[in-house]
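Structural characterization, general
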Amino acid sequence: MTKLRRAQHLALTSTFAANIALAGLAAVTGVLSARLLHPAGEGELAAIQTWPLLLGTIAMLGLDSALVYFISRQPERGRQLTSTAVFMGLLSSLAVGGIAWFVLPFALRAQPPQVVSAARVFLLIGGIYAVVGIPHGSLRGAHSFTAWNLFRVAPGLAWLGILLISWLLGDANAIPLSRWYLLGILASGLPFLFVVNQKLQGPLRPDVRLVPEMLRFGLPSAVSSIPLNINLQFDQILIIAFLPGRSLGIYVVAVSWSGGVAPLLGAISTVLFPHVSAERDADRQGYLLATALQRGTLVAVATSIPFMLLAPFGLPFVFGSGFAPSVPSALVLVPAGAILSWARIAEAGLQGLGHPTIVMIAETAAAAVTLATLPVLLHTNGIFGAALASLIGYSTIAIFTVVAISRSTHQRIRSLVFPTWPVTKSLAVRGFSILAGQRRSQGQHRSPH
């Protein structure tokens, strides 16, 4: 048990560190992009990327999640499961991309023709996801969180390099930047495939006999990704279709500001899924979920309050005065983002319990709420209304998933939502010990020895 706890602590620590690095990279690249492109250009870049990224995610058929589940249980077949999943993902991305080529002009009808053409090129992201994205799940399933986290950070570093070069050259434009982004993702991901091969076991050759079993697990996750992305991106999709690029650029910055609450909560959900999957004792599974969700509540409150207090003056200072209209939306999106990140912990727990279909139902219910509220609120309140619709939709996910976990594990809802004193004390002690360790390290670094 001590060894298991040590492994869980290492996984959580490395994932949290990677999430912090990703959040830092997202903040820096978001600021660079906003200052290089200004609201109109930022909106064009979002218009180019939004639909292809959404469709590329759907085309993966939930295979990354399927790999986490099956490799956790059958590590001796890791390579074979991964190669089979990559082959399936490539076929799916080709089919989805072919259909999307004809649909994009209608979806982007409010955008200029050159933006539509650039979005069609960006559909290549589906194939890139299949080759370098799906194997991420393999590393999680093999509990190789250090390698997985390095894998995640590399694309952000590549994008940062691209933006810095554009800044130095002084000639930034959304269309060429979108194409350099594709090359950066591919170039940063390919070397890590050698790491995946080393970390996994078994033969590499794909096995078509694995396809039905993987699809039975993955398809509910893939179907879940449709309402999931409706909940995450339907606001931007409607803004792309009906409002000018400047409005989209302002809203994207508000979304970017709200992302600061996610790193630690994301680390909890990422580590929770494979550990709950590997745990065979039902009572132990319930305890793991209750503890994780209680910690999530504490972290959500502690991180969202500072971002809300800083938004009125911090957001325009960081992104530029031209983005000051983003502040009202950001004040709504920060708590909305905290609620969503907390709900992701609950969803990871349900997947670990082997219930991806319940996650699909939760996301579908929230998508229905978003589809009902977003058009009305966007029409009456503009981008602020879009932020309100996100808050309502994310809250729906949180409520549905926590009720489902309560029924599955026989844990009371109160014990899943409200932190107990032992959990609060444990989290506080761990936080203080980390800070103390950093201070000791800094002291040793300053030492003349």
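We now turn to the structure provided with this report. Since the structure is predicted, the reported quantities are computational estimates derived from the model, not experimental observations. The residue numbers shown here count from 1 along each chain, following its written sequence. For this predicted model, a pLDDT threshold of at least 70 governs which residues receive local features, and a threshold of 80 or more governs which side-chain atom pairs are given and counted, while totals over whole chains, interfaces and linings are taken from all residues. The basis for every side-chain value is the complete set of heavy atoms in the structure, and neither hydrogens nor water enter the calculation.

Running from N to C, helix α7 (residues 145-169) and helix α8 (residues 174-189) cross one another at 145 degrees; their axes reach a closest spacing of 9 Å. Pair α7 / α8 crosses with right-handed handedness. Of the residues in α8, those in contact with Phe-151, Ala-154, Pro-155, Ala-158, Trp-159, Ile-162, Leu-163 and Ser-166 of α7 are Leu-177, Trp-180, Tyr-181, Gly-184, Ile-185, Ser-188 and Gly-189. Of the residues contributing to the contact of α7 with α8, the split by class is eleven nonpolar, four polar and no charged. Structural elements are reduced to axes, namely lines fitted to C-alpha atoms, with helices fitted over the stretch in contact, and the angle between N-to-C directions of any two is expressed from 0 to 180 degrees. Labels follow the DSSP assignment, with helices taken as runs of H or I lasting at least four residues and strands as runs of E lasting at least two, numbered in each case from the N terminus. Crossings are classed by handedness, with left-handed meaning an anticlockwise turn of the near helix from the far one by less than a right angle and right-handed meaning a clockwise turn. Whether two residues touch is decided by their heavy atoms; if any such pair falls within 4.5 Å, the residues are in contact. Put simply, Ala, Val, Leu, Ile, Met, Phe, Trp, Tyr, Cys and Pro go in the nonpolar bin, Asp, Glu, Lys and Arg in the charged bin, and everything else, Gly too, in the polar bin.

Quick look at a nonpolar patch on the surface now. Judged by side-chain polarity, Leu-164, Trp-167 and Leu-168 come together as a nonpolar surface patch covering roughly 350 Å² of accessible area. Accessibility expressed as a relative area gives 52% for Trp-167, which makes it exposed. Two distance rules govern patches: like charges are joined within 9 Å, and nonpolar side chains (Val, Leu, Ile, Met, Phe, Trp, Tyr) within 5 Å, applied only to residues with over 30% relative accessible area and no salt bridge. Shrake-Rupley sampling with a 1.4 Å probe provides the accessible areas, and residues are treated as covered by the protein chains on show and by no other component. The salt bridge criterion pairs a side-chain nitrogen of Lys or Arg with a carboxyl oxygen of Asp or Glu, the two atoms within 4 Å. Three exposure classes are used, based on accessible area relative to the maximum for each residue type with a 1.4 Å probe and protein chains only: buried under 20%, partly exposed in between, and exposed over 50%.

Our next topic: the environment of Met-214. Here Met-214 is to be found in helix α10 (residues 211-242). As a C-alpha pair, Met-214 and Thr-84 span 130 residues in sequence and 9.2 Å in three-dimensional space. Not counting residues up to four positions away in its chain, the partners in contact with Met-214 are Leu-63, Ala-66, Leu-67, Phe-70, Leu-81, Thr-84 and Ala-85.

Between helix α3 (residues 78-107) and helix α5 (residues 125-133), the shortest axis-to-axis distance is 8 Å and the interhelical angle comes to 175 degrees. It follows that α3 is roughly antiparallel to α5 by the angle criterion. Counting all contacts with α3, which are made through Val-86, Gly-89, Leu-90 and Ser-93, the residues of α5 involved are Gly-126, Gly-127, Ala-130 and Val-131. For the contact of α3 with α5, the residue count by class is four nonpolar, four polar and no charged. Angles below 35 degrees are treated as roughly parallel, those above 145 as roughly antiparallel, those between 65 and 115 as roughly perpendicular, and all remaining angles as oblique.

A few words on helix α13 (residues 282-319). One less than the number of residues in a helix, times 1.5 Å, gives the span that helix is expected to have. Here α13 contains 38 residues, and its C-alpha end-to-end distance of 48 Å is more than 12% below the 56 Å for a straight helix at 1.5 Å per residue. The bend reported for a residue corresponds to the angle between axes fitted to the seven residues ending at that residue and the seven starting there. Roughly 75 degrees is the biggest bend found in α13, and it falls at Ala-311, with proline Pro-312 one to four residues downstream. In the segment just after α13, Gly-320 is the residue with positive phi, at about 115 degrees.

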